[in-house]
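Coordinates in review
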Amino acid sequence: MVRNLNPEKREKFLNAALKLFVENGVQNTTTAAIAQEAGTAAGTLFLYFPTKQALINELVLEIGRQHLAHMQTLLKPKRSVMDTFIAIWQGSIHWFLENQHAYLFLQQVRNANLIDEAIVQQTGSFFIYYYEAIQRGHAEGSIKQLPLEMIGEYLYQDIVAVMNILRVQTEPSLQKEIIRQGFEIFWDGIRKGTGSDQSSAVEV
């Protein structure tokens, strides 16, 4: 007999896990503690997530889905490549600032290699808009002919660097300037040639 699992209870487990993973560390958090935080028995948790790794995997995917939904509201057709990357940059940073537990969790599991390879491959589909922007930039010659993976890692590491500053510097006007400066560093690293659209004085 197949049980009908409650979506609200599933979300409650994910929220409890995210809270405890960030507060105590992923490796120091037990499934029993997650179940207790969610107000249920451990056996109920296992109906939804048979293992702790399954819970980690689903949390990574859920965060990816939420981030993608946010980005889809920002990315408009017929934007220039630079404007598309500005939207990606701003959208990602502002979403992470509003969802800092999600950011800190992703940092943990990424740095500790706690994400299954199959999940890494699956989350890649959430960033198709980013790969399309790179391919368009390559085709029109507005960005350097660097490998997609290199530009992706460069973008990720620059966002992490800026996020680390923003989490300490919380004054809004200074945050805005830090975000702008961070994008300039990223864009200057991948842009090709010169011209009005390629100016290093980027308005973000």
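Whatever comes next refers back to the structure up there.
The rules behind these values
- Residues numbered from 1 in each chain as written.
- Predicted model: local features only at pLDDT ≥ 70, side-chain atom pairs only at ≥ 80, totals over all residues.
- Heavy atoms only, no water.
- Axes fitted to C-alpha atoms, helices over the stretch in contact; angles between N-to-C directions.
- Helix = DSSP H or I, 4+ residues; strand = E, 2+ residues; numbered from the N terminus.
- Parallel < 35°, antiparallel > 145°, perpendicular 65-115°, else oblique.
- Left-handed = near helix turned anticlockwise from the far one by under 90°.
- Contact = heavy atoms within 4.5 Å.
- Nonpolar A, V, L, I, M, F, W, Y, C, P; charged D, E, K, R; others polar.
- 1 Å grid on protein atoms, 1.4 Å probe; cavity = no way out; pocket = protein on both sides within 12 Å on 5 of 7 lines; lining within 4 Å.
- Points joined across faces, edges and corners; volume = space filled by probe spheres on them.
- Phe/Tyr/Trp six-rings, centres within 6.5 Å; stacked < 30°, edge-to-face > 60°.
- Lys NZ or Arg CZ within 6 Å of the ring centre and 35° of its normal.
- Buried < 20%, exposed > 50% of the residue type's maximum accessible area, 1.4 Å probe, protein only.

1. Focus on the packing of helix 1 (residues 7–24) against helix 2 (residues 31–38)
For the pair helix 1 and helix 2, the least separation of the axes is 8 Å and the interaxial angle reads 120 degrees. With respect to each other, helix 1 and helix 2 are oriented oblique. Between helix 1 and helix 2 lies a crossing whose hand is right-handed. On helix 2, the residues that touch Lys12, Phe13, Ala16, Ala17, Lys19, Leu20 and Phe21 of helix 1 are Ala33, Ile34, Ala35, Glu37 and Ala38. Among the residues forming the contact of helix 1 with helix 2, the class breakdown is 9 nonpolar, no polar and 3 charged.

2. Let's talk about the layout of surface pockets
As a volume, the largest pocket reaches approximately 1,000 Å³. Residue classes in the lining of the largest pocket are distributed as 18 nonpolar, 8 polar and 3 charged.

3. Focus: the packing of aromatic side chains
The description of an aromatic ring pair uses the distance of the two centres, along with the angle that the planes make with each other. For the structure shown, the criterion picks out 13 aromatic pairs. Taken together through their ring pairs, the aromatic side chains of Phe85, Trp89, Tyr154, Phe183, Phe186 and Trp187 make up a single cluster. Here arginine 110 stacks its cationic end above the ring of tyrosine 156, 3.6 Å away from the centre of that ring.

4. A short note on the environment of glutamate 37
Summarising the element assignment, glutamate 37 is placed in helix 2. Exposure remark for glutamate 37: the relative accessible area of 38% places this residue in the partly exposed category. Each C-alpha atom of the pair glutamate 37 and leucine 20 lies 8.2 Å from the other, and the pair is 17 residues apart in sequence. If near-sequence neighbours (up to four positions away) are discounted, glutamate 37 is found in contact with Ala16, Lys19 and Leu20.

5. Looking at unusual backbone geometry
Look at lysine 78: it is not a glycine, yet its phi comes out positive at around 70 degrees. With respect to the secondary-structure elements, lysine 78 resides in the loop between helix 4 (52–72) and helix 5 (81–98). With a phi angle near 55 degrees, asparagine 113 is a residue other than glycine that sits in the positive phi range. Relative to the elements of secondary structure, asparagine 113 occurs in the loop between helix 6 (100–111) and helix 7 (117–124).

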